[in-house]
Amino acid sequence: MTTPTYVAAIDQGTTSTRCLVFDHGGRMVAVAQHEHHQYFPRPGWAEHDASEIWANTLRVLPEALDQAGLQPSDLAAVGIANQRETTIVWDRATGRPVAPAITWQDTRTAELVDELNRGPSADLFREVCGLAPAGYFAAPRLRWLLDHVPGLQRRARAGEVAFGTVESWLIWNLTGGTDGGVHVTDVTNASRTMLMDIRTLDWDQRLLDALDIPAEILPEIRPNAQVYGSCTVGLPGVPIGGAFGDQQAALFGQTCFATGEAKCTYGTGAFLLMNTGDRIATSEHGLISTVAYALEGRPPVYATEGSIAVAGALVQWFRDSLEMIRSAPEIETLARRVEDNGGCYIVPAFAGLFAPRWQSDARGVVVGLTSYVTRSHLARAVLEATAWQTAEVVEAMAADTGIAFTGLKVDGGMTANHLLMQYVSDVLDLPVERPLVAESVSLGAAYAAGLAVGYWPDLEGLRDNWHQAARWEPTMSDPLRRRERAAWDRAVERTLGWVVAGDTVVPARRFG
Amino acid sequence: MPGSIQSIERAAAVLHFLGAVPEPVPLGELSRMLALPKPTVHGIVRTLVDVGFVVQDPDSGRYTLGEGLSRLGETLDPHLLRSRSVNWADGLAARTGLEVQLGVLAGQGVELLHHVFRPDGSPQRLRVGELQPLHATALGHVLLAFSPAASRLQELVSSTGSTPTSPVTLTRAVQQAFRRGWAVADGTLRPGVAAIAAPVRHHLGIGVGALAVVGPRERVLSVAGDPVPALVEQVVAAAAAVSAHLEDRL
């Protein structure tokens, strides 16, 4: 028996399932990955096969260990970070999902949510779970399944089926599934269901009643860092020490443990989360209050979250729909051919405007076109759109919390784009910092698991693992920043009111 | 004048034929159209498949032009190279405790395409975009040794007392880098600063960039002044790992 020297993280994301192994210094020593299928059976629907995700999990675990030449006994613990709000219901007796997983990108519950918002309980939701009802969260999807899978409501009441977001599904399967699987969720994932009291961290009966959801179907809510059970398969004998929704995991992985510390993760969308300590920030600007993390025996720490729906997705659109570039990183090469945007602005309100404006009748615009504008200027405008959207959310967050930003910690794939990071720093007029380990999501899950088993002693010890890998300082002059900001604002105005009665409406949705 | 080489002519004919036909072509068809025996044509197309100019459909066994051909005129996008390097460069900095630089050829110099700070919490300046002289850096020596069409150096300006300023010294250093597969620089750009660099190679082994650790002389070199072997090993391994991932799906 060797002394366990590493901690593993399972990062179950929208497109793939990965396993990463970290050492005591928080350095990554192995990574294995498998993608799963995306199903779009109808417009607005987006599904995953939960069984495929579980099968991929069982594949990546030994692959990651093999890469580093490790045995399960070399692992002190494993943690899980997952795509949030994706909804799974499975049969407790057979272990099989009763329907495809409805993912966070799915908009089928738009009508149900509209009804809820017109009804008497909308304020109750806002008050108790801290969220205005939206199709973005898990509970409306669960309601949809209970309505559309024959006999499911009855079976739920009888305790024959189980509901969970992806971490619940993986933990249940890893701890034995039909043979004694542990049915739990963590506070961060539970805080995105619309069913949890954000203060007590328990399911709230009034909210369950409002959506007619039987309590028998729900997992038990647990802290983020706690041993939920030990793996019987995949990593036999290894304790599962933590679980986290991916964005909260990144906040934790970036060691934003103090009030006011914030990070922005740039992926398909971008997610800015700020630690608000014991305060649940009520937002005047369309931000979401959420649980940042809860450690065993300690009061929960809260966060406020601003989501930018279209960040990397705009670069993907530029690549795949406009075919202007062949790979995403090439956008920087193209953009660097010119000094500025040539007067061109792109506002990617593809499904309406999100935080802080929330205008569902808005649609995207490309404005300022003249014969002077080339595709290089368009490339600039694509990158600048992400920077200005970040600025809008940063301003909203500073206004809501009364906490001024002194810098922004960033992570995610787009941080490899130097021009973008410089522009973010320029428009925020703040330094932007990238950590040495860009895998903040996985690192956060590993940290939680490691804390639970004493592999890391405390939060302060984890801070020592954070190292700055790059820092961008603002270089833009104030007059230029003001001029560009005014132009961006004018461009945003042009998106408003585009959708009128009689148009085919693609419902605006929040991304998670 | 030497005569033309028959097998190259025939290979060119195969490529022209495949390029002219919109659908994958069976071997028999190729053989008939080129008026050559099947084994001869098979040998040619197998070779073309091996070098990536032709692909064979696994189900039908038919042949069509490969991606390798359309990629011939393309140069590797520098930002794609950076994007592929980020995780390995981070890992290299984390393991060595040193600053990491990724450089590419830019005219008479090395352009720093990527820069990872030394992970010690000290204030540092991001050097991305900075131009450094080829002859005075480990990155430059690696690029001169492994990259094609390396620009001719005009003036070997001295940065420190250790900068190689004679063509003979520089040539010796570049040749040594080529033989070893890595280069070392000791105070040639800034006094007291040493670096070890290794090539990042595209297909066929062509150098497309160079990856280096840079740090105080006493961290990079032994007391005797030789590069620390474990560092050399890590730099070479990281550069090789980036090379291996250049072909990954985007």
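Counting restarts for each chain: residues are numbered from 1 in the order of the written sequence. Starting at A for chains and at 1 for ligands, labels are handed out in the order in which the entities are written. Per-residue local features are limited, in this predicted model, to residues with pLDDT of at least 70; the limit for side-chain atom pairs, both in listing and counting, is 80 or more; totals at the level of whole chains, interfaces and linings are taken over all residues.

## Focus on the overall build of chain A
Along the backbone of chain A there are 16 helices and 21 strands. In summary, chain A has a C-alpha radius of gyration of 22 Å against a globular reference of 24 Å for 512 residues, a match within 12%. In terms of its C-alpha atoms, chain A occupies a principal-axis envelope of roughly 70 × 55 × 40 Å. In chain A, which comprises 512 residues, the proportion classed as buried is 56%. What counts as a contact is two residues whose backbone-derived C-beta atoms lie within 7 Å of each other. Across chain A, contacts joining residues at least 24 apart in sequence account for 73% of those joining residues at least 6 apart. Secondary structure is summarised from DSSP: a helix means a run of H or I of at least four residues, a strand means a run of E of at least two, and numbering begins at the N terminus for each. With the radius of gyration taken over C-alpha atoms, the globule rule is written as 2.2 Å times the number of residues to the power 0.38. Counting other C-beta atoms within 10 Å of a residue's C-beta gives its exposure: the residue is buried at 20 or more, exposed at 12 or fewer, and partly exposed in between, where C-beta atoms are placed from the backbone.

## A short note on the interface of chain A and chain B
The partner chain B presents 21 residues to the 19 residues of chain A that form the contact. Here the side of chain A that touches chain B gets 5 residues from one element, more than from any other, and that element is strand β21 (residues 468-472) of chain A. Throughout, the ten residues Ala, Val, Leu, Ile, Met, Phe, Trp, Tyr, Cys and Pro are labelled nonpolar, Asp, Glu, Lys and Arg are labelled charged, and all others, Gly among them, are labelled polar. Looking at the side of chain A that touches chain B, its residues break down into 10 nonpolar, 5 polar and 4 charged.

## Describing the sheet that holds strand β7 (residues 193-201) of chain B
All names here are of chain B. Two strands pair under a simple rule: DSSP has to find at least two bridges between them. Here 6 strands make up an open sheet; going across it, the order is β5-β4-β3-β8-β7-β6 and the pairing antiparallel. The sheet terminates laterally at β5 (131-133) and β6 (183-186), the two strands that pair on one side only. Across the sheet, the mean angle from the axis of one strand to that of its neighbour is 35 degrees, orientation sign disregarded. As paired elements, strand β3 (residues 99-106) and strand β8 (residues 207-216) share 5 bridges and run antiparallel to each other. Looking at the pairing, Q101 lines up with A212 of β8. Angles run from 0 to 180 degrees between N-to-C directions of axes, and those axes are lines fitted to C-alpha atoms, restricted for helices to the stretch in contact. Against the sheet, helix α9 (residues 229-245) engages β7 and β8, with an angle of about 30 degrees to β7.

## Considering the domain arrangement of chain B
For the domains described, the bounds stem from an automatic or database domain assignment. Annotation of chain B at the domain level lists domain 1 (6-70) and domain 2 (78-245). Relative placement of domain 1 of chain B and domain 2 of chain B: their C-alpha centres are 41 Å apart.

## Considering the environment of B:D57
Residue and element names in this part refer to chain B. With respect to the element layout, D57 can be found in the loop between β1 (54-56) and β2 (63-65). With 13 C-beta atoms packed within 10 Å, D57 lands in the partly exposed category. Taking C-alpha positions, D57 is 7.7 Å from P24, a pair spaced 33 residues apart along the chain. Not counting residues within four places of it along the chain, the set of residues in contact with D57 comprises P24, R62 and T64.

## A word on the packing of helix α5 (residues 78-96) of chain B against α9(B)
Helix-helix packing is characterised by the crossing angle of the two axes and by the distance between the axes. Residue and element names in this part refer to chain B. With their axes 9 Å apart at the nearest point, α5 and α9 run at an angle of 165 degrees to one another. By the angle between their directions, the pair α5 and α9 is classed as roughly antiparallel. Crossing geometry of α5 relative to α9 is assigned as right-handed. Contacts from R84, S85, W88, G91, L92, R95 and T96 of α5 reach α9 at L231, Q234, V235, A238, A241, V242 and H245. Between 65 and 115 degrees an angle is taken as roughly perpendicular, under 35 as roughly parallel, over 145 as roughly antiparallel, and anywhere else as oblique. The crossing is said to be left-handed when, going from far helix to near helix, the turn is anticlockwise and less than a right angle, and right-handed when the turn is clockwise.

## Remarks on the domain arrangement of chain A
Residue and element names in this part refer to chain A. Assigned domains of chain A: these are domain 1 (255-309 + 393-472) and domain 2 (323-391 + 477-493). Here the C-alpha centre of domain 2 lies 25 Å away from the C-alpha centre of domain 1. Residue-level contacts link 25 residues of domain 1 with 18 residues of domain 2. Of all elements in the fold, only β14 (270-277), β16 (301-308), α12 (375-401) and α13 (418-428) reach the threshold of two or more residues within the side of domain 1 that touches domain 2.

## Here we look at the pairing of strand β20 (residues 432-435) of chain A
Residues and elements named next belong to chain A. A two-sided burial pattern is seen for β20, the buried positions comprising V432 and R434 on one face and E433 and P435 on the other. Where strand β19 (residues 408-411) and β20 come together, 2 bridges link them in parallel fashion. Paired with K409 across the two strands is E433, which belongs to β20. With α13 bridging β19 and the parallel β20, this β-α-β connection has right-handed handedness. With 4 bridges joining them, β20 and β21 adopt antiparallel strand pairing. Bridge pairing in β21 places P435 opposite Q468. Orient the strands so they point away from the viewer, and a crossover whose first-strand-to-second-strand path over the helix runs clockwise is right-handed.

## Description of unusual backbone geometry
Residues and elements named next belong to chain A. The backbone of L201 sits at a positive phi, close to 60 degrees, despite the residue not being glycine. Within the secondary structure layout, L201 lies in the loop between α7 (187-190) and α8 (205-210). Of note, the phi angle at T255 is positive, near 55 degrees, even though the residue is not glycine. If you trace the backbone, T255 turns up in the loop between α9 (246-253) and β13 (262-266).

## Looking at the nonpolar core
For our purposes the nonpolar core covers buried Ala, Val, Leu, Ile, Met, Phe, Trp, Tyr and Cys residues that link as a set through C-beta atoms within 7 Å. Ranked by internal contacts, the top residues of the largest apolar core, which has 222 residues, are A:A8, B:I196, B:A197, B:L211 and B:V235. The element best represented in this core is α12(A), accounting for 12 residues. Excluding anything up to four places from it in sequence, A:A8 contacts A:C19, A:L20, A:V21, A:A64, A:L75, A:V78, A:L235 and A:A446. In terms of nonpolar packing, the next biggest core, distinct from the first, is built from 11 residues, B:L18, B:L30, B:F53 and B:Y63 among them.

## With respect to helix α3 (residues 122-129) of chain A
Residue and element names in this part refer to chain A. If you check which residues of α3 are buried, you get F125, V128 and C129. End-on view of α3: buried residues confined to an arc of 85 degrees, all on one side of the axis. In α3, the exposed residues that point more than 90 degrees away from the buried face are D123 and E127. Where the residues of α3 are buried, they touch α8. Regarding the arc, it is the one traced by the directions from the helix axis to the C-beta atoms.

## Some details on the environment of A:C231
Residue and element names in this part refer to chain A. Inspection of the secondary structure assignment puts C231 in the loop between β11 (225-230) and β12 (239-245). By C-beta crowding, C231 is classed as buried, having 21 other C-beta atoms within 10 Å. Note: C-alpha distance between C231 and A328 (97 residues apart in sequence) is 38 Å. When near neighbours in sequence (up to four residues on either side) are disregarded, C231 contacts V78, L174, T175, P236, G237, V238 and I240.

## Brief notes about the packing of helix α1 (residues 6-20) of chain B against helix α2 (residues 27-34) of chain B
Residues and elements named next belong to chain B. Running from N to C, α1 and α2 point in directions that differ by 115 degrees, and their axes come no closer than 11 Å. The interaxial crossing formed by α1 with α2 has right-handed handedness. Residue-level inspection shows A13, V14 and F17 of α1 in contact with α2, the latter providing L30, M33 and L34.

## What to know about the sheet that holds β11(A)
Residues and elements named next belong to chain A. Taking strand neighbours across the sheet as the criterion, the 6 strands line up as β3-β2-β1-β5-β12-β11 in an open arrangement whose pairing is mixed. Looking at which strands have only one partner, the edges of the open sheet turn out to be β3 (28-35) and β11. Across this sheet, the average inter-strand angle for adjacent strands is 25 degrees, counted without regard to direction. Along the sheet, helix α6 (residues 166-174) makes contact with β1 (6-12), β5 (75-82), β11 and β12, crossing β5 at roughly 145 degrees. Its contacts with the sheet place α9 against β5 and β12, and it is angled at close to 105 degrees to β12.

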